[in-house]
Amino acid sequence: MPQRIETVIVGGGQAALALSYHLRALGREHVILERARMAERWRSERWDSLVFQFPRSSMTLPGFGPPAGDPHGFAPREDVVRFLEDYRARIAAPLREGVTVRAVTATAGPGRYHVDTDAGAYAADHVVAATGPYHTPATSPAAAGLPAGVAQVHASRYRNPAGLPPGGVLVVGSGASGCQIVEDLLDAGRTVHLSVGHHRRFPRRYRGRDVWWWIEQVGVLDQTIEERPDGPPAPNPLVTGARGGHDIDLRDYAAAGVTLLGHLEGVQEGRCYFAADAVEEIARGDQGLVSFAKVAEAWAERAGLGRPAEHERVDRPLPVPRVAPAGALDLHVAGITAVVWATGYRPDFGWVRLPVLDASGDAVHRRGLSACPGFYFIGLPWLSKLKSSVLCGVGEDAERIAAAIDAGRR
């Protein structure tokens, strides 16, 4: 017999905890089911040297935070886990760890939904998918063509340089993960090749303020899904909190000895083939600086801050980066023994057996509300606003969805 409960939240990360806070405030019964441990991805799917991209002052959840420490400093991975653990204890979240949800189906019995798990079943009136945006690691189809002697690891499984065989490393992907891993490898004295992909550079600091201060001031975090420009979403800002926070410029990597390559097009007989688009991708990434400067300066003018000093400008012309020629790279000749795939994730809502997914398996919703009454999504990029999937932003959606659950129950 299924256990009867009002609301089941699937996933034990920041979005689930924020929702639990608001449901408890409304007196609504609920349980959080987590397949492993609370905040498991922060614990086991991030590399050892990872540092949070934004200052500690940005680390807030409903009724809690920021954590102790320099508000302008950057928290290492273990401090983020500790922050979430402290929040869980503070709000007394009803969390069950080590429970895998196998399927959620509609039912005509008690409760609208049957939640099947490896630790028993639940009958629930409401179910919330709070598993976040990072599900199945994505790699290139070219991965299948790599020689058997070349180690392969996705960024979610990379821990440190010592976990890779001795020799050179090819990192595929130049987002925040790929770039932090490149720096980690360089610090260990490794020879690194970087296959450049889509990215969007932001300055770490501008006019003496961290980029986070500017993001808050200009209000872009509150841009709604309705206000989002047409076309595919832009890559996340390329910034890092490592080494106290600094700008990321792929030209600096080239100066440090990294070989910059274009997109990986394929692998054949131990050779990787790269497109001739590295310079173009770097130039496209630099446009993030120009876009940032326009928005920041428009705000600065309204605030009466005057013009920036010449050395503060981030929209000045940049030199053409030094990149490797397009074509084949023989992995053996280059001494490459490992490939790190910093190539993102694909959605995996296979446990959701309801008409709330599109043909590609992605969530279909309007501000977190699905076509099935009582079934919700939370913690996804652009759920309702730009900030919907970040630590300081999940609380707003959590409050709204908790109110919908409360209204539906009443």
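This text follows the structure it describes.
First, a word on scope: everything that follows refers to the structure included in this document. Here the structure is a predicted model, which means the values were calculated and not measured.

**Comments concerning the overall build of the protein chain**
Scanning the protein chain from N- to C-terminus turns up 9 helices and 21 strands. Here the protein chain has a C-alpha radius of gyration of 23 Å; the compact-globule value for 410 residues is 22 Å, and the two agree. Along the longest, intermediate and shortest principal axes, the C-alpha atoms of the protein chain span 65 × 60 × 40 Å. Restricting the contact set of the protein chain to residue pairs at least 6 apart, pairs at least 24 apart contribute 68%. Accessible surface, the protein chain: about 18400 Å² in total, of which carbon and sulfur atoms supply 51%. With 45 positive and 46 negative side-chain charges, the protein chain shows a spacing of 3 Å between the two charge centroids.

**Let's talk about the nonpolar core**
Ranked by size, the top nonpolar core spans 101 residues in total, and within it L84 and F375 carry the most contacts. Here the element with the most residues in this core is helix α7 (residues 278–302); it accounts for 7 residues. Among residues more than four places away in sequence, those in contact with F375 are V104, Y113, V127, A129, V352, L354, V356, G368, L369 and S370. Ranked by size, the runner-up nonpolar core spans 16 residues in total, among them L146, V150, V172 and V267.

**What to know about the packing of aromatic side chains**
For the structure shown, the criterion picks out 16 aromatic pairs. A ring pair is formed by W42 and F52, whose centres lie 6.0 Å apart and whose planes are at 45 degrees; its orientation type is tilted. A residue pair is termed long-range when its members are at least 10 positions apart, and W42 in helix α2 (residues 40–44) and F52 in the loop between α2 and α3 (77–91) qualify at 10 residues. The buried category is assigned to W42, whose relative accessible area is 16%. Three or more aromatic residues link up through ring pairs in this structure, and these residues are F202, Y206, W213, W214, F292 and W299. The aromatic ring of W213 is capped on one face by R209, whose charged end is 4.5 Å from the ring centroid. Across the ring face of W382, the terminal group of R228 is positioned such that the distance to the ring centre comes to 5.4 Å.

**Focus on the side chain of H30**
Looking at where H30 falls in the secondary structure, it is placed in strand β2 (residues 30–34). A polar contact is formed between the side chain of H30 and the side chain of S20, at a distance of 2.8 Å. Within the structure, the side chain of H30 is placed 3.0 Å from the backbone oxygen of R28, a separation counted as a polar contact. Setting aside residues no more than four positions away along its own chain, H30 makes contact with I5, T7, I9, S20, L23, R24 and P94.

**Quick notes on the layout of surface pockets**
Of the volumes computed, that of the second largest pocket is approximately 210 Å³. Residue lining of the second largest pocket: P55, S57, H72, R205, G208, R209, D210, W212, W213 and E216, and that is the complete set. Examining the composition of the lining of the second largest pocket, we find that 3 residues originate from one element, helix α5 (residues 211–218), more than from any other. When its residues are assigned to classes, the lining of the second largest pocket shows 3 nonpolar, 3 polar and 4 charged.

**Some details on the environment of A143**
Inspection of the secondary structure puts A143 in the loop between β7 (136–137) and β8 (151–154). Assessed through its relative accessible area of 15%, A143 is described here as buried. In this view, A143 contacts Q152 and W341; residues no more than four positions away in its chain are not counted.

**Focus: the packing of helix α1 (residues 14–25) against α3**
When two helices pack together, you describe them by how their axes are tilted relative to each other and by the distance separating the axes. Running from N to C, α1 and α3 cross one another at 20 degrees; their axes reach a closest spacing of 10 Å. In terms of orientation, α1 lies roughly parallel with respect to α3. Helix-helix and strand crossings are classified by hand; for α1 and α3 the assignment is left-handed. In this structure, α1 contributes Q14, L17, A18, S20, Y21 and R24 to the contact, and α3 contributes L84, Y87, R88 and I91. Taken together, the residues of the contact of α1 with α3 break down into 6 nonpolar, 2 polar and 2 charged.

**What to know about the sheet that holds strand β15 (residues 259–261)**
Pairing within the open sheet is parallel, and its 5 strands lie in the order β8-β19-β9-β10-β15. Lying at the two open borders of the sheet, with one neighbouring strand each, are β8 and β15. Pairs of neighbouring strands in the sheet enclose a mean axial angle of 20 degrees, with direction left out of account. Pairing of β8 with strand β19 (residues 336–341), which is carried by 4 bridges, proceeds in the parallel orientation. Residue pairing across strands places H154 opposite W341, the latter belonging to β19. Together, β9 (168–172), β10 (192–195) and β19 form the strand contacts of helix α4 (residues 176–187), whose direction differs from that of β9 by roughly 170 degrees.

**Things to note about the sheet that holds strand β17 (residues 271–274)**
Sheet strands pair by backbone hydrogen bonding; their relative direction is either parallel or antiparallel. The strand order β16-β17-β18 describes an open sheet built from 3 strands, whose pairing is antiparallel. The sheet terminates laterally at β16 (264–268) and β18 (327–330), the two strands that pair on one side only. For this sheet, the mean angle separating the axes of adjacent strands, direction not counted, is 25 degrees. Bridge analysis of β17 against β18 gives 4 bridges, and the strand direction is antiparallel. When the sheet's bridge partners are listed, R271 is paired in β18 with D330.

**Looking at the side chain of S195**
For S195, the position within the fold is in strand β10. Its relative accessible area of 2% is what places S195 among the buried residues. A distance of 2.7 Å separates a polar atom in the side chain of S195 from the backbone oxygen of G262. Contact partners of S195, with chain neighbours within four places excluded, come to L170, V171, V172, G173, S174, L261, G262, H263, L264 and F274.

Parameters at a glance
Residues numbered from 1 in each chain as written. Predicted model: local features only at pLDDT ≥ 70, side-chain atom pairs only at ≥ 80, totals over all residues. Heavy atoms only, no water. Helix = DSSP H or I, 4+ residues; strand = E, 2+ residues; numbered from the N terminus. Rg over C-alpha atoms; globule rule 2.2 N^0.38 Å. Contact = heavy atoms within 4.5 Å. Areas by Shrake-Rupley, 256 points an atom, 1.4 Å probe, with all protein chains shown as cover. Lys, Arg positive; Asp, Glu negative; His and termini not counted. Charge placed at Lys NZ, Arg CZ, Asp CG, Glu CD. Core = buried A, V, L, I, M, F, W, Y, C linked by side-chain atoms within 4.5 Å. Buried < 20%, exposed > 50% of the residue type's maximum accessible area, 1.4 Å probe, protein only. Phe/Tyr/Trp six-rings, centres within 6.5 Å; stacked < 30°, edge-to-face > 60°. Lys NZ or Arg CZ within 6 Å of the ring centre and 35° of its normal. Polar contact = N/O pair within 3.5 Å; in protein donor to acceptor, adjacent residues only side chain to side chain. 1 Å grid on protein atoms, 1.4 Å probe; cavity = no way out; pocket = protein on both sides within 12 Å on 5 of 7 lines; lining within 4 Å. Points joined across faces, edges and corners; volume = space filled by probe spheres on them. Nonpolar A, V, L, I, M, F, W, Y, C, P; charged D, E, K, R; others polar. Axes fitted to C-alpha atoms, helices over the stretch in contact; angles between N-to-C directions. Parallel < 35°, antiparallel > 145°, perpendicular 65-115°, else oblique. Left-handed = near helix turned anticlockwise from the far one by under 90°. Pairing = 2+ DSSP bridges.

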